[in-house]
Amino acid sequence: MNPLSTLVPSRFLLACDGESRISGFGQLREQGDLWELASLFVEKSSRGQGVGSALVQRLLTRHESSAAAGKPVYLLTLQDKSSFYRRHGFAVAPPPGPLQFEAALGKVIAKLATGQELICMRYPA
């Protein structure tokens, strides 16, 4: 989860299992003239079951049917997660102005914490 993100419940989408336990969540947040797919998380026991894909697709559908339709959606992710987002129509892109500080700071933290590169991706590609 992005600690720089302001938590606004109405921006979140929750995924629940058959017993009403939260198995994942994600949000779209406005960043000026663009939107950011942020805070995507799937519980470890629910990974590989399509929960993350369903969350991304529903968030993008929500975006495309809103007044923000047509505005790009960006995200910041670790390099090894990029294939997941490519399957949903995202492509690697330079971070736009509103995400540049977060991307720069995130690159340092990601490298120190995981040894991986942080990348920015854009939808539509």
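Residues numbered from 1 in each chain as written. Predicted model: local features only at pLDDT ≥ 70, side-chain atom pairs only at ≥ 80, totals over all residues. Heavy atoms only, no water.

Some details on the nonpolar core
Right, so step 1: In this structure, L37, V56, V73, Y85 and F90 are the most contacted members of the largest nonpolar core, which totals 20 residues.
Right, so step 2: If you list the elements that add at least two residues to this core, you get β1 (12-16), β3 (34-42), α1 (51-64), β4 (73-78), α2 (82-86) and β6 (118-123).
Right, so step 3: Looking at this core, the element that brings in the most residues is α1, giving 5 residues.
Right, so step 4: If sequence neighbours within four positions are ignored, L37 has contacts with Q27, L28, V56, L59, V73, Y74, L75, Y85 and F90. (Core = buried A, V, L, I, M, F, W, Y, C linked by side-chain atoms within 4.5 Å. Buried < 20%, exposed > 50% of the residue type's maximum accessible area, 1.4 Å probe, protein only. Helix = DSSP H or I, 4+ residues; strand = E, 2+ residues; numbered from the N terminus. Contact = heavy atoms within 4.5 Å.)

A closer look at the pattern of salt bridges
Any two side chains of opposite charge can pair, so long as their charged atoms come close to each other.
Right, so step 1: In the structure shown here, the tally under the stated rule is 5 salt bridges.
Right, so step 2: Notably, a salt bridge pairs E19 with R21, separated by 3.0 Å at the nearest N-O pair.
Right, so step 3: Relative accessible area serves as the criterion here: at 58%, E19 is assigned to the exposed category.
Right, so step 4: For the salt bridge of E117 with K111, the shortest nitrogen-to-oxygen distance reads 3.1 Å. (Salt bridge = Lys/Arg side-chain N within 4 Å of Asp/Glu carboxyl O.)

Side note on the environment of A125
Right, so step 1: You can see A125 is positioned in the segment after β6.
Right, so step 2: Here A125 falls in the exposed class, since its relative accessible area comes to 75%.
Right, so step 3: Once the C-alpha coordinates of A125 and L13 are considered, the two residues, 112 residues apart in sequence, prove to be 23 Å apart.
Right, so step 4: Beyond its immediate sequence surroundings of up to four residues, A125 is in contact with G89, F90 and A91.

What to know about the environment of L37
Right, so step 1: Residue position: L37 is located in strand β3.
Right, so step 2: In sequence terms L37 and G70 are 33 residues apart; their C-alpha atoms lie 15 Å from each other.

Details of the pairing of β4
Within a regular strand, side chains alternate between the sheet's two faces.
Right, so step 1: A large share of β4 lies buried, amounting to 5 of its 6 residues.
Right, so step 2: Alignment of β3 against β4, held across 2 bridges, turns out to be parallel. From the neighbouring strand, E36 faces β4, where its bridge partner is Y74.
Right, so step 3: With α1 bridging β3 and its parallel neighbour β4, the resulting β-α-β unit is right-handed.
Right, so step 4: Pairing of β4 with β6 involves 6 bridges; the strand directions are antiparallel. (Pairing = 2+ DSSP bridges. Right-handed = clockwise from strand over helix to strand, strands pointing away.)

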